[in-house]
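Chains, contacts and geometry: an overview
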Amino acid sequence: MKHLLNRLVDFLLLPIKFVASPRIRRIIREDWCIRREGRAGYHTRLAKEVAASCGKDLYVGYESQFMGEVHFGNNCNFNGMRVIGGGKVTFGDNFHSGEECMIVTQNHNYNNGEAIPYDSTFEYKEVVIEENVWFGNRVIVVGNITIGEGAIIAAGAVVTKDVPKCAIVGGNPAKVIKFRDIEHYEKLKAEGKFH
Ligand SMILES: CC(C)(COP(=O)(O)OP(=O)(O)OC[C@H]1O[C@@H](n2cnc3c(N)ncnc32)[C@H](O)[C@@H]1OP(=O)(O)O)[C@@H](O)C(=O)NCCC(=O)NCCS
């Protein structure tokens, strides 16, 4: 009888336990903020809060995560970006990216550390993305990388080396596929025509 009673009390307490759990409270709070500010408004505000510096007109349309020291230029646009690690990332003006992109700015110490597969120390990386760069969906960037202005990173590319100005790169590891029409690019840039 006592056992049954305990089970009944547990059952009746279930909704309270559910709402009291930190994870559920976070989901409810997030949902409330999104309803109040709109999805882009909410994600953009979060990104501004964690940024080391932020230019004008930042837009973060979907859930994104920005760890480490992140600098946003003017008119940066994200649709699902994760910057993971304690390194530094600079997004130049007029950056645009697709869904499920990732920039990794730290590595575990696997080579001369005190444990296998790695110890508890990190090696930090810096990623510099110059102005007017476009990332397609599912781009991954790892290592100390500079992506030149006007470059396009194809969907699914894994960028492990520097990318020249106006290059279109793709594949794993990413290689130059071709270049933008640089003359046309310079003309639009001089006229200040940015999306
Ligand atoms: C990079 C991209 C812009 C190139 O488009 P495009 O100029 O029309 O290129 P093409 O289709 O003519 O392909 C040119 C070459 O690049 C290769 N290529 C195209 N996309 C590629 C990719 N994602 N990865 C690897 N190689 C790719 C093609 O196979 C082709 O190779 P080939 O010359 O040996 O035949 C486009 O393929 C892309 O990835 N766009 C991103 C789309 C996206 O993610 N949008 C949503 C987010 S905003």
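Residues numbered from 1 in each chain as written. Predicted model: local features only at pLDDT ≥ 70, side-chain atom pairs only at ≥ 80, totals over all residues. Heavy atoms only, no water.

1. Let's talk about the site of the ligand
- Around the ligand, the surrounding shell consists of G98, W134, G136, N137, A154, A155, I168, G171, I177 and K178.
- Protein coverage of the free-state accessible area of the ligand, which is 910 Å², stands at 42%. (Near = heavy atom within 4 Å. Areas by Shrake-Rupley, 256 points an atom, 1.4 Å probe, with all protein chains shown as cover.)

2. Thoughts on the pairing of strand β18 (residues 167-170)
- Of the two faces of β18, the one carrying A167 and V169 and the one carrying I168 and G170 are both buried.
- Where strand β16 (residues 152-153) and β18 come together, 2 bridges link them in parallel fashion. Bridge pairing in β18 links I152 to I168.
- Two strands pair when backbone bridges link them, and β18 and strand β19 (residues 175-179) are joined in this way by 4 bridges, in the antiparallel orientation. (Buried < 20%, exposed > 50% of the residue type's maximum accessible area, 1.4 Å probe, protein only. Helix = DSSP H or I, 4+ residues; strand = E, 2+ residues; numbered from the N terminus. Pairing = 2+ DSSP bridges.)

3. With respect to the environment of N109
- With respect to the element layout, N109 can be found in the loop between β10 (106-108) and β11 (122-124).
- Taking C-alpha positions, N109 is 33 Å from N77, a pair spaced 32 residues apart along the chain.
- Excluding residues that lie within four positions of it along the chain, N109 makes contacts with Y118, D119 and T121.
- Within polar-contact distance, the side chain of N109 engages the side chain of N112 at 3.3 Å. (Contact = heavy atoms within 4.5 Å. Polar contact = N/O pair within 3.5 Å; in protein donor to acceptor, adjacent residues only side chain to side chain.)

4. Comments concerning the sheet that holds strand β9 (residues 101-104)
- The sheet built from 5 strands is open, its strands ordered β3-β6-β9-β14-β17 with parallel pairing. Edge positions in the open sheet fall to β3 (65-66) and β17 (158-159), since each of these has one partner strand only.
- In this sheet, β9 lies alongside strand β6 (residues 81-84) in parallel orientation, the contact comprising 4 bridges. When the bridges of β9 are listed, I84 appears paired with V104.

5. Comments concerning the side chain of N75
- Tracing the backbone through its elements, the reader meets N75 in the loop between β4 (69-72) and β5 (77-78).
- Since its relative accessible area comes to 18%, N75 is described here as buried.
- At a separation of 2.9 Å, a polar atom in the side chain of N75 contacts the side chain of N94.
- A polar atom in the side chain of N75 sits 2.9 Å from the backbone oxygen of H195.
- Excluding anything up to four places from it in sequence, N75 contacts K56, D57, N94, F95 and H195.

6. A short note on unusual backbone geometry
- A cis amide bond links I116 with the next residue in sequence, P117, at an omega value of 5°.
- Topologically, P117 is positioned in the loop between β10 and β11.
- Residues N172 and P173 are joined by a peptide bond in cis, for which omega reads -5°.
- Checked against the element boundaries, P173 lands in the loop between β18 and β19.
- With phi around 60°, D57 is a residue other than glycine that occupies positive phi space.
- Residue placement: D57 occurs in the loop between β1 (53-54) and β2 (59-60).
- The exposure class of D57 is exposed, given its relative accessible area of 59%.
- If you check the backbone angles, C166 has positive phi at about 60° while not being a glycine.

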